[in-house]
Amino acid sequence: MKILTIVGTRPNIIKITQFSRVAARYPHIQHRLLHTGQHYNHNMSDVFFEELGLRQPDYAFSIQGERVVSQLAGIMKAIEGVVQEYQPDLMVVVGDVNSTLAAALVANKMGIKLAHVESGLRSCDRTMPEENNRILTDAITDLFFVTEESGTRNLREEGKPENHIHFVGNTMIDTLVAYDYQIRQSQVLRRLALEPASYALMTMHRPGNVDTREGLEKLLSLLRKLTVDVKVVFPVHPRTLNRLNEFTLYAGIENNPNLILMEPVGYLDFQNLILHARYVITDSGGIQEETTFRKVPCITLRPNTERPSTLTAGSNTLLGFDQEKIFQTVASINSGTYKKCGIPPYWDGKATERIFEVISQLDR
Ligand code: UDP
């Protein structure tokens, strides 16, 4: 059975790190990886292959572009060529980015069975490009691999066939479990002269937060207030950096001794920073899950989340950009009264194994 997995972005790569290793256990499965290059620079892509010791993609492209439609078309064309040559029996797409949707459309148009990893998540917010990618991809998916219970519920409500929905758990947590030793060995705190639990970690990159001057000004105001009491480590996503420069706001966050600005950091360092943070402030999807697994308080600055188990079971709190509530929550973290949290079912490092168990039993 020939399987073609498609990745394009940083979070995609982090969700498939165990695929080749697990696929190799099945003599009748041949697994190949295609990287569209949607994220291409060293610290958003190559660094993960290097430090996680991943086999290089079998097919690698470099398809970027500010214009979404041209980018989708470019990715589809590149994948079409590979599908013609490799003739996979199954294509596997991951997450909710443009590469996910483009690959799904190619599978559909070329008559290849399609599996979607992280299927069924819904923020119910159609202004998010990712939400549209999720809904469109799931509309043409054959095999739904689900990370949390809400995913199963959503897919059932949308009328997807019950026997095609597989609650397998979270492959992003597989990566955390697989590299836990290396994560703990990271020297990033020493390099930054930080003590455990003495700092907050921030990431911010969603268009809803960083694409307007108003959004960026809110972010800068929050940073100014947070850094009165705590050091904030802020690896700046390329999108956010571009927007800060476009609106000539970058100077507004430089020269703050309590703000540690960095380029995006590698996986092992970033996970070590999560592990030892007093709390995390983010608008990322994946980081809501990683902090839940680590039981580190996470404040999510979005009006909604497609990952509700991080709120109900986990360490996440959804606050939008409400400064009063943010500081109330920070106070509860500082005083040790923040909610107690657990880990959602099947976030145990074995999701990739469950996925390949299902795939291995498919008829070719
Ligand atoms: N990440 C990283 N370095 C950083 C910031 C994030 O390795 O400087 C990792 C993070 O731990 C998670 C993934 O990148 O595994 C999340 O990516 P991102 O927030 O860009 O995407 P989203 O999850 O929002 O789609």
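Scroll up to find the structure.
Since this is a predicted model, take the numbers as computed values, not measurements.

### Description of the pairing of strand β2 (residues 30–35)
So, point 1. Here six bridges tie strand β1 (residues 2–7) to β2, and the two strands are oriented parallel to one another. Residue pairing for β2: Lys-2 is matched across the bridge by Gln-30.
So, point 2. Across two bridges, β2 lies against strand β3 (residues 59–60) in parallel orientation. Along β3, the bridge assignment pairs Leu-34 with Tyr-59.
So, point 3. At this point the chain moves from β2, through helix α3 (residues 46–51), to the parallel β3, and the crossover so formed is right-handed.

### Description of unusual backbone geometry
So, point 1. Backbone geometry at Gln-87 places phi at a positive 55°, although glycine is not the residue there.
So, point 2. Take Gln-87: it is sitting in the loop between α4 (68–86) and β4 (90–94).
So, point 3. Positioned with a positive phi, Thr-248 is a non-glycine residue whose angle comes to about 45°.
So, point 4. For Thr-248, the position within the fold is in the loop between α13 (238–246) and β10 (259–262).
So, point 5. Classification of Thr-248 as exposed rests on a relative accessible area of 67%.

### Considerations on the side chain of Thr-310
So, point 1. Of note, Thr-310 is situated in helix α16 (residues 309–312).
So, point 2. For Thr-310, a relative accessible area of 0% gives the class buried.

### Notes on the sheet that holds strand β9 (residues 231–235)
So, point 1. Ordered by their spatial adjacency, six strands build an open sheet running β10-β9-β8-β11-β12-β13, and the pairing between neighbours is parallel. With one partner strand each, in any of the chains shown, β10 and β13 (316–318) form the two edges of the open sheet. Each neighbouring strand pair of the sheet contributes to a mean axis angle of 20°, computed without reference to strand direction.
So, point 2. Strands β8 (199–202) and β9 of the sheet are contacted by helix α14 (residues 267–276), whose axis makes an angle of about 135° with β8.
So, point 3. Against the sheet, helix α17 (residues 323–334) touches β11 (279–282) and β12 (298–300), its axis set at about 175° to β12.

### Re the site of the ligand
So, point 1. Around the ligand sit 19 residues, and of these Val-265, Ser-284, Gly-285, Gly-286 and Glu-290 come closest.
So, point 2. In the environment of the ligand, an oxygen atom lies 2.5 Å from a nitrogen or oxygen atom belonging to the side chain of Glu-290.
So, point 3. Burial of the ligand by the protein amounts to 97% of the accessible area it has alone, namely 540 Å².
So, point 4. Here the shell around the ligand is composed, by residue class, of 10 nonpolar, six polar and three charged.

### A closer look at the pattern of salt bridges
So, point 1. According to the stated counting rule, one finds 24 salt bridges in the structure shown.
So, point 2. The partner of Glu-130 in a salt bridge is Arg-206, and the shortest N-O contact between them spans 2.7 Å. One end of the pair, Glu-130, is in helix α6 (residues 129–139); the other, Arg-206, is in the loop between β8 and α11 (207–210), with 76 residues separating them in the sequence.
So, point 3. We classify Glu-130 as buried; its relative accessible area is 11%.
So, point 4. Of the charged contacts, one joins Arg-184 and Asp-180 as a salt bridge, the two residues approaching to 2.9 Å between their closest N and O atoms. Of this pair, Arg-184 and Asp-180 both sit in helix α9 (residues 180–185), four residues apart, roughly one helical turn.
So, point 5. Taking the relative accessible area as the measure of exposure, Arg-184 reaches 46% and is therefore partly exposed.
So, point 6. Take Asp-180: its relative accessible area is 22%, and that puts it in the partly exposed class.

### What about helix α8 (residues 171–178)?
So, point 1. Burial runs high along α8: six of the eight residues are buried.
So, point 2. All buried positions along α8 are accounted for by Thr-171, Met-172, Ile-173, Asp-174, Thr-175 and Leu-176.
So, point 3. The distance from a side-chain oxygen at the start of α8 to the backbone nitrogen of Met-172 is 2.9 Å, and the residue carrying that oxygen is Asn-170.

Reading the values: the criteria
Residues numbered from 1 in each chain as written. Predicted model: local features only at pLDDT ≥ 70, side-chain atom pairs only at ≥ 80, totals over all residues. Heavy atoms only, no water. Pairing = 2+ DSSP bridges. Helix = DSSP H or I, 4+ residues; strand = E, 2+ residues; numbered from the N terminus. Right-handed = clockwise from strand over helix to strand, strands pointing away. Buried < 20%, exposed > 50% of the residue type's maximum accessible area, 1.4 Å probe, protein only. Axes fitted to C-alpha atoms, helices over the stretch in contact; angles between N-to-C directions. Contact = heavy atoms within 4.5 Å. Near = heavy atom within 4 Å. Polar contact = N/O pair within 3.5 Å; in protein donor to acceptor, adjacent residues only side chain to side chain. Areas by Shrake-Rupley, 256 points an atom, 1.4 Å probe, with all protein chains shown as cover. Nonpolar A, V, L, I, M, F, W, Y, C, P; charged D, E, K, R; others polar. Salt bridge = Lys/Arg side-chain N within 4 Å of Asp/Glu carboxyl O.

Fair warning: the whole summary comes from geometry, so function is off the table for now.
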